[in-house]
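An overview of the molecular structure
Next come the chains, spelled out residue by residue.
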Amino acid sequence: MPGGRLTQSERRQIALGLADGDAYAEIARRLDRPTSTITREVMRNGGPTAYRAELAQRATERRAHRRRHTSPRGSDAQAHGRDVEAVREYEEMFTTVLMQSGLPKMLSRVLTCLYTSDAGSLTASELVQRLQVSPASISKAITALENMTLVRREAGERRRERYIVDDDIWYQSMMASARSNAQLAETARQGVAVLGRDTPAAARLENVARFLDFVGESIIRAAEQAREVLYTKAEATPGSTAEPRADRG
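Criteria and thresholds
- The numbers attached to residues start from 1 for each chain and follow its sequence in the written order.
- Owing to the predicted nature of the model, reporting of local features is limited to residues with pLDDT of at least 70; listing and counting of side-chain atom pairs is limited to 80 or more, with chain, interface and lining totals taken over all residues.
- Values shown for side chains rest on all heavy atoms present in the structure; no hydrogens or waters enter the calculation.
- Segments assigned H or I by DSSP are reported as helices when at least four residues long, segments assigned E as strands when at least two residues long, and all are numbered from the N terminus.
- For a helix, the expected span equals 1.5 Å multiplied by the number of residues minus one.
- Residue contacts are defined here by distance: any two heavy atoms, one from each residue, within 4.5 Å place the two residues in contact.
- For helices, the fitted axis covers only the stretch in contact; all axes are lines through C-alpha atoms, and the angles between them, taken along N-to-C directions, range from 0 to 180 degrees.
- Note that the term roughly parallel is reserved for angles under 35 degrees, roughly antiparallel for angles over 145, roughly perpendicular for angles of 65 to 115, and oblique for everything else.
- Polar here means any residue outside two lists: the nonpolar Ala, Val, Leu, Ile, Met, Phe, Trp, Tyr, Cys and Pro, and the charged Asp, Glu, Lys and Arg; Gly therefore counts as polar.
- Note on exposure labels: buried denotes an accessible area under 20% of the residue type's maximum, exposed denotes more than 50%, and partly exposed covers the range between, all computed with a 1.4 Å probe on protein chains only.
- Any two strands with at least two DSSP bridges between them are considered paired.
- Per-residue confidence from the prediction method is given by pLDDT, with values spanning 0 to 100.

In this model helix α9 (residues 169-195) runs 39 Å from its N-terminal to its C-terminal C-alpha over 27 residues, within 8% of the 39 Å that 1.5 Å per residue would give. Structurally, α9 contributes buried residues whose contacts are with α6 (105-116), β2 (152-155), β3 (161-164) and α10 (200-226). Positioned one or two residues after α9, G196 has a phi angle of 100°, which is positive.

A few words on the packing of helix α3 (residues 35-43) against helix α5 (residues 84-100). Remark: α3 packs on α5, axes separated minimally by 10 Å, with the N-to-C direction vectors making an angle of 80°. Taken together, the axes of α3 and α5 are roughly perpendicular relative to one another. Where α3 abuts α5, its residues T39, R40 and M43 lie against E89, E92, M93, T96, M99 and Q100. For the contact of α3 with α5, the per-class residue count stands at three nonpolar, three polar and three charged.

A turn of α-helix holds 3.6 residues, and therefore any two residues three or four places apart point the same way. Of all the nine residues making up α3, seven are buried; the element is thus mostly covered by neighbouring parts of the structure. Along α3, the positions that sit buried rather than exposed are T37, I38, T39, R40, E41, V42 and M43.

Turning our eyes to something else, we now look at the packing of α6 against helix α7 (residues 124-131). Between α6 and α7, whose axes approach to 11 Å, the crossing angle comes to 110°. Judged on the interaxial angle alone, α7 and α6 are roughly perpendicular. Along its contact with α6, which presents M106, R109, V110 and C113, the element α7 presents L127, R130 and L131. Class assignment of the residues belonging to the contact of α6 with α7 gives a composition of five nonpolar, no polar and two charged.

Turning to the environment of L114, a few remarks are in order. Mapped onto the fold, L114 is located in helix α6. Residue L114 is classed as buried on the basis of its relative accessible area of 0%. A C-alpha to C-alpha distance of 7.9 Å links L114 and Y163, two positions 49 residues apart in sequence. Other than its neighbours up to four places away in sequence, L114 contacts G120, S121, L122, V151, Y163 and V165.

Think of a sheet as strands paired side by side through backbone hydrogen bonds, with each pair either parallel or antiparallel. If you walk across this open sheet you meet the three strands as β1-β3-β2, and the pairing is antiparallel. Whereas interior strands pair on both sides, the edge strands pair on one side only; in this sheet they are β1 (121-123) and β2. Looking at each pair of strands side by side, their axes are set apart by 35° on average, direction ignored. Where β1 lies against β3, three bridges are found, and the strand directions are antiparallel. Note on β3: the bridge partner recorded for T123 is R162. Where α7 meets the sheet, its contacts fall on β1 and β3, and the angle it forms with β1 comes to roughly 90°.

Attention now moves to the environment of R109. Looking at where R109 falls in the secondary structure, it is placed in helix α6. Taking the C-alpha atoms as reference points, R109 and L131, separated by 22 residues in sequence, lie 7.7 Å from one another.

Overall, the predicted model of the protein reaches an average pLDDT of 83, with 85% of residues at or above 70. Mean pLDDT across the elements of the protein ranges from a minimum in strand β5 (residues 243-246), with 48, to a maximum in α10, with 94. Considering only residues more than four positions removed or in separate chains, one finds that residues 236-245, a stretch of pLDDT under 50, has 13 contacts.

Here's what the structure looks like:
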C-alpha cells in the first residue's frame, strides 16, 4: 500500500469518484490507500459536495509551506521528543473524526487542541495562537462545547479563564445524552394519549418511547460501571509491564 502525500492525479480521481457518488472505501480501494486517508482528505477540503482537486492540492502546498517556514507556537508538539509532523497529522485525523461524528469544524479543532495538550486545558489566547483564528471564533466554539458538556471553564491567573477537558467530561456527556433520551421518550409517550392508544401512530410512538427508555437506561448503567476507567493511570516500573490503576484522588 503506497504511503506519502496524495498526488494531484490521485486528488483528481477522488473528485471524479465523489462526483459519481462513490463511497470513500471504494475510492480508497481504487487508489490503494487507506479509507481514513480519503476521508481525511475530503473532510478537510470542503467535504464531499465542495471538494475540488485543484483547490485541495493548493491548500496542501500552502500547509506544507507554512510547516517548513514556521515552528509550532504554543504547542506541545515538540515535547517528550515527539515527531512534530506525526503530531500534526494525528491532530488533523482526530479533527476529521470529530467532524464525522457531527461536530462543526471549529468545535472539532478546539476540542482536538484541548485533548492533545498535555495539561488538558488552554486559555482563549493559547487557542487563538494555536489555531490562528479570531478570539470571537474561540469564544463561540467554547460556548457551544460547554453547552454540550464537552468542556468546562475554570478561573485562572489574571482573570484568564482556562478551558478544560478532564477525566469526568465524557461521563457527564454520556449522562446528558441519557437525560436527552429520557426527555424524548417522555415526549413520545405523551403523543400516545393524544393520538389515541389504538392507532398506528400511537403504536409507533409507544415503540419509540420503549426503545429510548431501554437505550437511556443502558447508557446510564454502562457509564456508571465504566466511570473508573476514566481515572485509570498506568503504573510502570523498570522491567515490568504497566498495570492500570484507578486513581480518583
